[in-house]
Amino acid sequence: MNIKKWKSIGTVLGETNIDHFYFSLKNYKAKKGDIITTESKIPSSEGNVVPVTVWGKISSIESSNAFFPTEAAQELTNENIDIRDTILPTTRDELICKVIILGYTLKDNLKLMPLNYPVRPAAPVSYPSSEDVEALLISDLGSEHPLFIGSLLARDAVKIRIDADNLVSRHVSIFGMSGSGKTVMVRRIMDELLKKQYPMVVLDIHGDYLGFIQKQKKMYPNNNVKLFYPNLSVNAEDKEIIYTLIDKLGNTLTDPQKDFLSSLLEKVKYDEGSLLKYIEKLIYKAREFASDSSKSFKNIRPASMYVVIRSLGQVSKKLKNMEQTNFRHRQRMSKLKFEELPDAATEPEKIVSKGQLSILYLKGYENLPASAIVSILLENLFRHRQEVEEEIPPFLTIIEEAHNFIPSRSEDKDNIPSVETIRKVITEGRKFGTGIMIISQRPSRLDETIASQCNSQIVFRMVNQKDQRATTRDSETLSVDDSKQLPNLANGQGIISGQVVNFSLPVQIKFDEQLINDDIGNENFISAVENWDDKESVKQRKKFAKDFSNISSIDRRRAN
Amino acid sequence: MSNEIEIKNKIKNNSSLFTNFVRNAVNASPKVQNNFLEVGAQVALTIKKLLEDANLITELEYKGKDFWAENRCKTACFVDGGVDKTSIISSAPLSIRTGSYIVKPDAPEKNREFFEESMVFLGDLYDPKNELYDFTDDDFEEDQMLNKKKDGARIIFEAVTIVKHILLTRKFDYCFLHGPIEATVMPFTVLGFPTFTKFAVENMLPYYNKSNLNAEARHFINVYLEALNCIKKSKFPIYGIVETSSSSPYIKNLLYSYKSKGTISEKDFKNTLSTIKKYKITDSHLLEIILKNGQALKPLEIKKQISGFNVTNGSAWESKIDSFPSVQMGYIKVNDHSAPIRIESLSLSENIIKDYEYILATARLLPNYGFPVGLNVVDKFAKIPNWMSKASRKYYATHLLKQAIKSKDQNTISLAVKILSKKVRSWKNRPLGGLAR
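Keep in mind that what you see is a predicted model, and the values were worked out from it rather than measured.

Cut-offs used in this document
Residues numbered from 1 in each chain as written. Chains lettered and ligands numbered in written order. Predicted model: local features only at pLDDT ≥ 70, side-chain atom pairs only at ≥ 80, totals over all residues. Helix = DSSP H or I, 4+ residues; strand = E, 2+ residues; numbered from the N terminus. Buried ≥ 20, exposed ≤ 12 C-beta atoms within 10 Å, placed from the backbone. Contact = placed C-beta atoms within 7 Å. Pairing = 2+ DSSP bridges. Core = buried A, V, L, I, M, F, W, Y, C linked by C-beta atoms within 7 Å. Axes fitted to C-alpha atoms, helices over the stretch in contact; angles between N-to-C directions. Parallel < 35°, antiparallel > 145°, perpendicular 65-115°, else oblique. Left-handed = near helix turned anticlockwise from the far one by under 90°. Expected span 1.5 Å × (residues − 1). pLDDT = per-residue confidence, 0-100.

**Comments concerning the overall build of chain A**
For step 1, the next point in the chain: If you tally the helices and strands in chain A, you get 18 helices and 21 strands.
For step 2, the next point in the chain: A burial count over chain A gives 45% of its 560 residues as buried.
For step 3, the next point in the chain: Counted over contacts in chain A with a minimum sequence separation of 6, partners at least 24 positions apart contribute 74%.

Structure, rendered in structure tokens:
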């Protein structure tokens, strides 16, 4: 580190403390988010005074021109005068920067230490070279497995890496508005982890990660990238989940009807396999009990049983529809090879193995069934990690649209099966190597316990104040100044904080264009409509519709 | 609306005159209260007639955008001084500086504007070795005349700053000083007012009387006169601009000229002057009523230094006072709601109306305050900020206390504390009682 080569860009102002200081900045010499330094002295534990380099991050910049009176602006506006034609001063802007102190380093050691003595007022402020900033960040991170994710927002030349070990074990949350760069960030992390052969399970609702399948041969020849569609099968011991599914997906049941459903589930043995078949079986058996009510269920009237039967029919229909919808979406991507999700209880290695990326394509499924599927999957995989034999290696679960799987209590969505499972996995995950990455555009709608267990956060543009508050509430390291910056971030710009970095950093995420799913397209709907041409079947329908309409209009015997 | 009614209405709406009216209403007799409005209106009406008769009122043209587009090539310099207000009993620190704001709007950004700290003095007026005033010539050391010395220093610094620009042959189209171009020198003619040091004079006016810088040559009156004579000869127009006038030199001179011509009688002249004095009517008051937005009064030649006062009478400076140049004084009414600004110069420019229009345009950039914005800018630049004054006070206080504590004498320490306390009756000076005694 060659301090003498750093350019002087300002002077520390009068009052300082150990958390932050202000400095007067030379015009155009630094911007918000930049890392700067100032030389200072601190008392050492041996009683000496030692020179140190204090590092800080510019968290805000204010500009003012004390020589430009407000009322002059009024005249310029009213008379449409160009200020450059007048005698008004235009070059006396005063720039005051607020700097959040990151810590100090000693001459020969780039490890950041917390500052415990205020910086010297009137000291010069320097702009360290990009190499030195990068060296500090790498050295300070001290990571055995750094992951490259992008560059420092204010300085393109400073590459940013995060710590993979903390990422996969201590959980991470990624928040931001739709289109702000969350998926770009996740794809970046996945790319890096795949190169390290780290297994991942992705719960993909929109098909954002199908690009990994398309580009596997070219980009990840040493990895196994699998694409699964859900299989609605449960274990016999997961009857609780079956009950919840039927209860929530079906009609609202009264207490006696619920009793009947509960008893029905007890009496009808589940052979494991397709859930739909089991529901058909339940309907069949329930009909039997209804016609023979006096024997098996003395206290329940047949009418109540028929309500349950109708409800079961409703559930069956809904599940079939969801399966169909998912199937149709899969058909659209005929080039991709979809496989049925293996049974996580008996064949976990087919889902989690070294170098494997398993993408579970959930498109078409409503929240509740999707939640049930995820709950069963994670429960089983976690159990395998808990066992002494460890049939599967540590892995990372990536949960897209996490508010669907871990809604906040205030959402009033009781008994979403995945909440309990994810809560358990996230709490104990550090011990068993089952890290979780939650991704959401609505952090305020997430379960608070789960969100607060994420030790690292990556936050992108966020305008909703409720979501901003939730983000800072759940984070120990995201400052108020950082949260103020959130609405102004551009696409792909985010703030990383927590244990994957040592201090919060504004970052421009590297965009991996090649990982976009080609089949999803670029959401350019206007062009799609401009080039739209009705399909032949639609054309025919429209043609005949006119003829039928004519018949209707002259048919006077028809009502209305 | 007749002139009389219009003027009466204006008086009613004019805040500064109204303030005087209220003050009169409280203090003066009911008779005076009753006729104040009538007197004010009548004086204004009469003065307006005289101004119209002398063709002194002129309309200035102002076309904001077009004006600045045409005048962006002109270089203007604005000068102002700032003095530190620090005062403590044990010392007389003086920090003074003059700043210049020089701007050429159409120049490239790098050369568009300059802020110069043209003159600086930091010292203590109790210090016999200070570099500004020579106390060996100070016959009355016990009468320190601190405020006068500070004023004298500020006035001379401002004048000398302009001289410096002239000597450096700066190519200005205009130069403006915040304040009168020629200050009244009478207060500095008192006996015992110290002279400047040789060092100070040599620095302020390097060309001046090199061979014989004796005490007389170094006196404020001579040094200031020298500076003014230099300013008078300047090739670029130089104007002193005053925000509000607390006296009535323009009106009095106008009346005097009409008296001299015989247009008004000696009696009327004296009575009117007496009325103006009695009702505390100033140029600002009257002209605010008489002039309309964008109107100006053409300059009148006015003698600022008038001999024959008690103070100067018989003093060695009586004759010197007559040597001071007379001043060309005019007024510009910038907007409807503020008093006209006073424009002073030592010579009469050939393009006086164009110059006034330039001043009006710079003042219109402060549409409410109605004062040339360049002077507002340099005022902020030259002002000694509070934080600097505070720091300087703290430094003096610490130094004084350290010296007192060093002496280990309880009475000296107690005195130092008393000196530093702002009020004698502050808690620090309360009599001690009980065990504490």
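**A closer look at the sheet that holds strand E21 (residues 505-509) of chain A**
Residue and element names in this part refer to chain A.
For step 1, the next point in the chain: In space, the 12 strands of this open sheet follow the order E9-E8-E21-E20-E19-E10-E18-E17-E11-E16-E12-E15, with mixed pairing throughout. Both outer strands of the open sheet, strand E9 (155-163) and strand E15 (339-340), are each paired with one neighbouring strand and no more.
For step 2, the next point in the chain: Where strand E19 (residues 456-459) lies against strand E20 (residues 493-498), 4 bridges are found, and the strand directions are antiparallel. Bridge pairing in E20 links Gln457 to Ser497.

**Some points on the nonpolar core**
For step 1, the next point in the chain: Ranked by internal contacts, the top residues of the largest apolar core, which has 141 residues, are Met200(A) and Ile359(A).
For step 2, the next point in the chain: If you tally residues by element for this core, the top one is helix H12 (residues 367-386) of chain A, at 10 residues.
For step 3, the next point in the chain: Filtering out sequence-adjacent residues up to four positions away, Met200(A) remains in contact with Met190(A), Leu193(A), Leu357(A), Phe395(A), Leu396(A) and Ile398(A).
For step 4, the next point in the chain: Membership of the second largest hydrophobic core comes to 103 residues, among which are Val201(B), Ile241(B), Leu291(B) and Ala363(B).

**Some details on the sheet that holds strand E8 (residues 238-242) of chain B**
Residue and element names in this part refer to chain B.
For step 1, the next point in the chain: If you walk across this open sheet you meet the 9 strands as E1-E9-E10-E11-E8-E6-E2-E3-E4, and the pairing is mixed. Sheet topology places strand E1 (57-59) and strand E4 (113-124) at the edges, where each strand pairs with a single neighbour. On average, each strand axis in the sheet is inclined to that of its neighbour by 25 degrees, with strand direction left out of account.
For step 2, the next point in the chain: Direction of pairing for strand E6 (residues 174-178) relative to E8: parallel, over a ladder of 4 bridges. Across the sheet, Cys175 pairs through a bridge with Ile238, a residue of E8.
For step 3, the next point in the chain: Across the face of the sheet, helix H13 (residues 352-364) comes into contact with E1, E6, E8, strand E9 (295-302), strand E10 (327-332) and strand E11 (341-345) while running at roughly 50 degrees to E10.
For step 4, the next point in the chain: In the packing of helix H14 (residues 373-382) onto the sheet, contacts are made with strand E2 (76-83), strand E3 (93-103), E4, E6 and E8, and the angle to E2 comes to roughly 40 degrees.

**Focus on unusual backbone geometry**
For step 1, the next point in the chain: With a phi angle near 60 degrees, Tyr28(A) is a residue other than glycine that sits in the positive phi range.
For step 2, the next point in the chain: Within the secondary structure layout, Tyr28(A) lies in the loop between strand E2 (20-25) and strand E3 (35-43).
For step 3, the next point in the chain: For Asn55(B), which is not glycine, the phi torsion reads 55 degrees and is therefore positive.

**Overview of the packing of helix H8 (residues 255-267) of chain A against helix H11 (residues 302-332) of chain A**
All names here are of chain A.
For step 1, the next point in the chain: The interhelical angle for the contact between H8 and H11, taken along N-to-C directions, is 65 degrees, at an axis separation of 9 Å. Our classification of the angle between H8 and H11 gives roughly perpendicular. By crossing handedness, the relation of H8 to H11 is classed as right-handed. Taking contact as the criterion, the partners of Pro256, Gln257, Phe260 and Leu261 in H8 are, on H11, Ser304, Met305, Val307 and Val308.

**Topic: helix H2 (residues 130-141) of chain A**
For step 1, the next point in the chain: An ideal rise of 1.5 Å per residue puts 16 Å on 12 residues; H2(A) measures up with 16 Å between its terminal C-alpha atoms.
For step 2, the next point in the chain: Looking at the buried positions of H2(A), the neighbouring elements they touch are E3, strand E4 (49-64), strand E5 (94-106), strand E6 (109-113) and E9 of chain A.

**Points about H14(B)**
For step 1, the next point in the chain: Burial within H14(B) is extensive, with 8 of its 10 residues counted as buried.
For step 2, the next point in the chain: Listing the buried residues of H14(B) in full gives Val373(B), Gly374(B), Leu375(B), Asn376(B), Val377(B), Val378(B), Phe381(B) and Ala382(B).

**So, the pairing of E21(A)**
Residue and element names in this part refer to chain A.
For step 1, the next point in the chain: The element E21 is largely enclosed, with a buried count of 5 among its 5 residues.
For step 2, the next point in the chain: Covered by surrounding structure in E21 are Leu505, Val507 and Ile509 together with Pro506 and Gln508, the residues of both alternating faces.
For step 3, the next point in the chain: Note: strand E8 (residues 146-152) against E21, 3 bridges, orientation antiparallel. Opposite Ser151, over in E21, you have Gln508 as the bridge partner.
For step 4, the next point in the chain: Linking E20 back to E21 in an antiparallel pair, the connection comprises 6 residues.

**Overview of the confidence of the model for chain B**
For step 1, the next point in the chain: The pLDDT averaged across chain B works out to 82; a share of 78% of its residues lies at or above 70.
For step 2, the next point in the chain: Reported confidence for the predicted complex is 0.78 by ipTM and 0.68 by pTM.

**Thoughts on the environment of Ser358(A)**
Residues and elements named next belong to chain A.
For step 1, the next point in the chain: Note that Ser358 resides in strand E16 (residues 356-361).
For step 2, the next point in the chain: The class for Ser358 is buried, based on 25 C-beta atoms found within 10 Å.
For step 3, the next point in the chain: Each C-alpha atom, one on Ser358 and one on Leu227, is 6.0 Å from the other, the two residues being 131 residues apart in sequence.
For step 4, the next point in the chain: In this structure, Ser358 is in contact with Val201, Val202, Lys226, Phe228, Ile351 and Val352, ignoring residues within four places of it in sequence.

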